[in-house]
Amino acid sequence: MQQAYGESIQYSLNTLISYLQNFGDDNTVMVFLGDHQPGTLVSGTDADHDVPISIVAKDPSVLNRVAGWGWTDGLKPSPHAPVWPMSSFRDRFLAAFGDQVTK
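What comes next is a walk through the structure. (Residues numbered from 1 in each chain as written. Predicted model: local features only at pLDDT ≥ 70, side-chain atom pairs only at ≥ 80, totals over all residues. Heavy atoms only, no water.)

**Here's the deal with the packing of aromatic side chains**
Any pair of aromatic rings gets described here by the distance separating the centres and the angle formed by the planes.
Move 1: In total, this model carries 8 aromatic pairs according to the counting rule given.
Move 2: Centroid distance Trp69 to Trp71: 5.1 Å. Interplanar angle 70°. Geometry classified as edge-to-face.
Move 3: Under the relative-accessibility criterion, Trp69 is labelled buried at 9%.
Move 4: For Trp71, a relative accessible area of 26% corresponds to the partly exposed category. (Phe/Tyr/Trp six-rings, centres within 6.5 Å; stacked < 30°, edge-to-face > 60°. Buried < 20%, exposed > 50% of the residue type's maximum accessible area, 1.4 Å probe, protein only.)

As structure tokens, then:
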């Protein structure tokens with residue numbers, strides 16, 4: 001069961017990466033967002049409910065908007081990456097990428 005789950009995650013990530021390679025351009029931005037933890041047969045009974053999130057973009061200005069979040073480069077979050085409730089991520093994301101007021 002654990003191996004099959006790992007293979008399904010690998011397939012999903014490979015599909016997203018292939019899409020970016022084949023159809024992405026300089027303006028493409030993707031947010032890879034984990035849905036939920038697998039069942040206890042895969043994760044065990046003591047697993048937390050944290051899910052990984054990655055923002056993928058070629059344009060450095062996109063990543064500069066989240067530079068202060070303490071994230072690391074790449075798709076695999078650091079074990080020391082910050083952990084926030086989903087509502088906090090949502091609020092940060094909307095603040096970083098929502099309507100920007102210019103003066």
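Next comes the rest of the account.
**Remarks on the side chain of Thr28**
Move 1: Structurally, Thr28 can be placed in the loop between helix H1 (2–23) and strand E1 (29–33).
Move 2: Within the structure, Thr28 has its side chain in polar contact with the backbone nitrogen of Asp25 (distance 2.8 Å).
Move 3: If near-sequence neighbours (up to four positions away) are discounted, Thr28 is found in contact with Leu20, Phe23, Val56, Ala57 and Lys58. (Helix = DSSP H or I, 4+ residues; strand = E, 2+ residues; numbered from the N terminus. Polar contact = N/O pair within 3.5 Å; in protein donor to acceptor, adjacent residues only side chain to side chain. Contact = heavy atoms within 4.5 Å.)

**Re the pairing of E1**
Along a regular strand, successive side chains alternate from one face of the sheet to the other.
Move 1: Residues of E1 alternate between two faces, with Met30 and Phe32 buried on one and Val29, Val31 and Leu33 left unburied on the opposite face.
Move 2: Bridge count for E1 against strand E2 (residues 53–57) is 5 bridges, and the pairing is antiparallel. Bridged to Met30 within E2 is Val56. (Pairing = 2+ DSSP bridges.)

**A few points about the layout of surface pockets**
Move 1: Put simply, the largest pocket is a space of about 1,400 Å³.
Move 2: Residue assignment for the lining of the largest pocket shows that the elements contributing at least two residues are H1, E1 and E2. (1 Å grid on protein atoms, 1.4 Å probe; cavity = no way out; pocket = protein on both sides within 12 Å on 5 of 7 lines; lining within 4 Å. Points joined across faces, edges and corners; volume = space filled by probe spheres on them.)

**With respect to a nonpolar patch on the surface**
Move 1: On the surface, a nonpolar cluster with roughly 200 Å² of combined accessible area is contributed by Ile9, Leu13 and Leu75.
Move 2: If you trace the backbone, Leu13 turns up in helix H1.
Move 3: According to the relative accessible area criterion, Leu13 is partly exposed, its value standing at 31%. (Patch = residues over 30% accessible without salt bridge, like charges linked within 9 Å, V, L, I, M, F, W, Y side chains within 5 Å. Areas by Shrake-Rupley, 256 points an atom, 1.4 Å probe, with all protein chains shown as cover. Salt bridge = Lys/Arg side-chain N within 4 Å of Asp/Glu carboxyl O.)

**Things to note about the environment of Ile17**
Move 1: Tracing the backbone through its elements, the reader meets Ile17 in helix H1.
Move 2: Here Ile17 falls in the partly exposed class, since its relative accessible area comes to 29%.
Move 3: Sequence separation between Ile17 and Ala57 is 40 residues, and the spatial gap between their C-alpha atoms is 12 Å.

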